[in-house]
Amino acid sequence: MNPSPRPDFAARLRQQQQQRLQASLQRRVRAASASRPGHIHLDGRELVDFGGNDYLGLAGHPRLIAAYARAAGEGVGARASHLLGGHRDEHEALERAVADWIGYPRALLFSTGYMAAMGTLGAVLGRHDLCVQDQLNHACLLDGARLAGADLRRYAHADAAAAARLLEAQSQRRALLVTDAVFSMDGDLAPLSELAALARREHAALMVDEAHGVGVLGPQGRGACAAAGLGASEISIWMGTLGKALGGFGAVIAADDLLIDTLINRARGYIYTTALPPALARAMVTAVELARGADAERAHLGQLIDQFRTGASALGWQLLPSPTPIQALVIGDSAATLQCAERLQAAGFHCPAVRPPTVPAGSARLRISLSAAHRVEDVEALLGALGRR
Ligand SMILES: *Cc1c(COP(=O)(O)O)cnc(C)c1O
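Treat the numbers as computed from the prediction; the structure is a model and nothing was measured.

Cut-offs applied
- Residues numbered from 1 in each chain as written.
- Predicted model: local features only at pLDDT ≥ 70, side-chain atom pairs only at ≥ 80, totals over all residues.
- Heavy atoms only, no water.
- Salt bridge = Lys/Arg side-chain N within 4 Å of Asp/Glu carboxyl O.
- Helix = DSSP H or I, 4+ residues; strand = E, 2+ residues; numbered from the N terminus.
- Buried < 20%, exposed > 50% of the residue type's maximum accessible area, 1.4 Å probe, protein only.
- Near = heavy atom within 4 Å.
- Polar contact = N/O pair within 3.5 Å; in protein donor to acceptor, adjacent residues only side chain to side chain.
- Areas by Shrake-Rupley, 256 points an atom, 1.4 Å probe, with all protein chains shown as cover.
- Nonpolar A, V, L, I, M, F, W, Y, C, P; charged D, E, K, R; others polar.
- Pairing = 2+ DSSP bridges.
- Contact = heavy atoms within 4.5 Å.
- Axes fitted to C-alpha atoms, helices over the stretch in contact; angles between N-to-C directions.
- Core = buried A, V, L, I, M, F, W, Y, C linked by side-chain atoms within 4.5 Å.
- Phe/Tyr/Trp six-rings, centres within 6.5 Å; stacked < 30°, edge-to-face > 60°.
- Expected span 1.5 Å × (residues − 1).
- Arc of directions from axis to C-beta.

Draft legend 1. Quick peek at the pattern of salt bridges. In this structure the tally under the stated criterion is 14 salt bridges. Here arginine 36 ties to glutamate 46 by a salt bridge, and the two come within 2.8 Å at their closest N and O atoms. Of this pair, arginine 36 sits in the loop between strand E1 (32-33) and strand E2 (39-42) while glutamate 46 is found in strand E3 (residues 45-49), placing the two residues 10 residues apart along the sequence. Taking the relative accessible area as the measure of exposure, arginine 36 reaches 48% and is therefore partly exposed. Owing to a relative accessible area of 33%, glutamate 46 belongs among the partly exposed residues under this scheme. Between arginine 146 and aspartate 143 there is a salt bridge, and its shortest N-O distance comes to 3.3 Å. Separated by three residues within a single helix, arginine 146 and aspartate 143 lie in helix H5 (residues 139-147), roughly one turn from each other. Exposure remark for arginine 146: the relative accessible area of 47% places this residue in the partly exposed category. In this structure aspartate 143 comes out as partly exposed when scored by relative accessible area, which is 25%. Beyond isolated ion pairs, a larger network of salt bridges with shared partners links Asp151, Arg153 and Arg173.

As C-alpha cells, then:
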C-alpha cells in the first residue's frame with residue numbers, strides 16, 4: 001500500500017486517454033514511406049496525398065534534391081548555435097535570399113515556425129503589453145503570447161472591427177496585433193488591409209504569419225501580404241516557414257534591423273538551440289529561387305482549386321470561403337469525420353480528419369490540401385470518391 005497522499009502521476013493520463021477514446025479524439029501516428037510527388041505511401045499502399053503542405057511540389061523537385069545532396073557532401077550538423085559558431089555562410093545566404101525575395105531589410109532563420117513564433121513573441125512582448133490575436137490563429141502564436149506573459153486578447157475570426165474594439169479599449173498599452181495570413185485549418189485569408197490600417201491608426205505593431213501564404217500567393221509567391229500590396233512599412237514582423245510550399249524545413253522572420261537585433265539578443269528559441277544543418281539552408285536557397293519562378297505551378301494550382309470548389313459544391317458539400325489550396329469540408333461530428341476519411345483512404349486518397357482541439361468543438365473536418373503536384377485527373381477522381389454529401 002502506498003502511504004503517500006499524493007495523487008498517482010499516471011492516473012490522470014490514463015483518465016485523459018479514456019476520455020479521448022470515448023470522444024473519437026484519440027490520435028495515432030502512422031509511418032509513411034517515401035513516395036512520388038503528390039502521393040503518400042501509407043499502411044502498405046500508395047494513396048494520392050491531399051494531406052500535405054507541399055503546395056508547389058518542391059519537396060521532391062529534382063533540382064532541390066540535387067542541391068541538398070551536393071551540399072550534404074560537406075557535412076551534416078551545424079555543430080553549434082548561431083551565436084556560438086554555428087552560423088554559417090549557408091545560413092547567411094538563405095537569410096539574404098529571403099529578405100531580398102520578401103522585400104525586407106533583414107531576415108533571421110529559426111529551426112521551425114513554432115520556434116520562430118514562440119521566440120519572437122517572447123522577445124518583443126512583456127508582462128504589461130497587449131497582444132491582440134485572431135481566435136483561429138495558429139497554436140504557436142497563441143502559445144508565444146501566453147509564454148511572454150502578455151495580456152492576450154482574442155477577437156472573433158477575421159473580424160477587424162472586433163480587433164479594433166480590443167485595441168481601443170486599452171489605448172495606453174504598448175500593443176502587437178498578430179494574425180495568420182492564411183488560416184491553416186480553414187484556408188481563408190485574414191482581412192490584411194483592414195488590420196494594417198487598424199494597426200496604423202492604433203499605433204500598434206503588426207505581425208503576420210505567412211506559413212501557408214508564402215510560395216503560393218502574391219507576385220513571385222511573396223505571400224498574402226504582398227498580394228494585398230502590404231510590405232515592410234505596414235507589417236513590422238513578417239513570418240514565413242520553409243516546411244510547406246518551400247518543400248524543406250525551417251522558418252524565417254523578416255523585419256527591420258532593430259527587430260532582428262532584438263531577436264538575436266533576446267529570442268530564446270533562436271539563442272538556445274543548434275543552427276539548422278547548413279546543407280538544408282543551402283538547399284533552401286534553391287527552394288527560394290524555384291518558388292520565385294514557379295508562376296506556372298501557381299497557375300496550375302489555381303486551376304485545381306477552382307476545379308475542386310466547383311465540383312465539391314455541385315456535389316452538395318459546404319465549402320469555406322477559401323481561395324487557397326487548403327479546402328476544408330466541415331462535417332462536425334468527429335466520429336463521422338473519421339469514417340469519411342477512412343472511406344476515402346479505402347478509395348485511394350489521403351484526406352486527413354482534423355478534430356478538436358486543433359479546430360473548435362463541433363467543427364471536425366476533412367482538410368483537403370491541393371498541390372501543383374496533383375493532376376486534374378487526381379482532383380476529378382477525388383470528387384468522384386467524395387460523392388454526394
Ligand atoms: C505550420 C504552421 C506553423 C509552424 O511551422 P513549422 O515550421 O511547421 O513549425 C506556424 N504557423 C502556421 C500558420 C502554420 O500553419
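Still more to cover.
Draft legend 2. Quick peek at the site of the ligand. If you check the shell around the ligand, you find 13 residues, and the closest are Gly113, Tyr114, Asp209, His212 and Lys244. Take aspartate 209: an N or O atom from its side chain is 2.5 Å from a nitrogen atom of the ligand. Measuring from an oxygen atom of the ligand, one finds a side-chain N or O atom of lysine 244 at 2.7 Å. Against a free-state accessible area of 380 Å², the protein chains account for coverage of 82% of the ligand. When residues of the shell around the ligand are traced back to their parent elements, those giving at least two are helix H4 (113-124) and strand E9 (237-241). The residue inventory of the shell around the ligand, partitioned by class, reads four nonpolar, six polar and three charged.

Draft legend 3. Geometry of the sheet that holds strand E11 (residues 326-332). Sheet architecture is open: three strands sit in the order E11-E14-E13, paired in antiparallel fashion. Bordering the open sheet on either side are E11 and strand E13 (353-354), each of which pairs with just one other strand. Here E11 runs beside strand E14 (residues 364-369); their pairing, made up of six bridges, is antiparallel. Within the sheet, the bridge partner assigned to alanine 328 lies in E14 and is arginine 367. Lying on the sheet, helix H13 (residues 334-346) is in contact with E11, E13 and E14; it crosses E14 at an angle near 35 degrees.

Draft legend 4. View of the nonpolar core. Counting 87 residues, the largest nonpolar core has Phe50, Leu94, Leu177, Leu246 and Phe308 as its most contacted members. With nine residues, helix H11 (residues 278-292) is the single largest residue contributor to this core. For phenylalanine 308, the contacting residues outside a window of four places in its chain are Leu319, Gln327, Leu329, Ile368, Leu370, Val379, Leu382, Leu383 and Leu386.

Draft legend 5. Local environment of the packing of aromatic side chains. By the definition in use, this model includes two aromatic pairs. Summarising the aromatic geometry, the rings of phenylalanine 50 and phenylalanine 349 are spaced 6.3 Å apart at their centres and angled 35 degrees between planes, so their arrangement reads as tilted. Here phenylalanine 50 is found in the loop between E3 and helix H2 (62-72), whereas its partner phenylalanine 349 is found in strand E12 (residues 349-350), with 299 residues between them in sequence. The class of phenylalanine 50 is buried, set by a relative accessible area of 0%.

Draft legend 6. Molecular detail of H13. The first and last C-alpha atoms of H13 sit 19 Å apart over 13 residues, in line with the 18 Å expected at 1.5 Å per residue. Three or more residues of H13 are buried, namely Ser334, Thr337, Cys340, Ala341, Leu344 and Gln345. Taken around the axis of H13, the buried residues stretch over an arc of 140 degrees, which confines them to a single face. Summarising the geometry of H13, the exposed residues directed more than 90 degrees from the buried face are Gln339, Glu342 and Ala346. For H13, the secondary structure elements touched by its buried residues are E3, E11, E12, E13, E14 and helix H14 (376-386). Where H13 starts, the residue carrying a side-chain oxygen 3.3 Å from the main-chain nitrogen of alanine 335 turns out to be aspartate 333. Downstream of H13 by one or two residues, glycine 348 has phi in the positive range, about 105 degrees.

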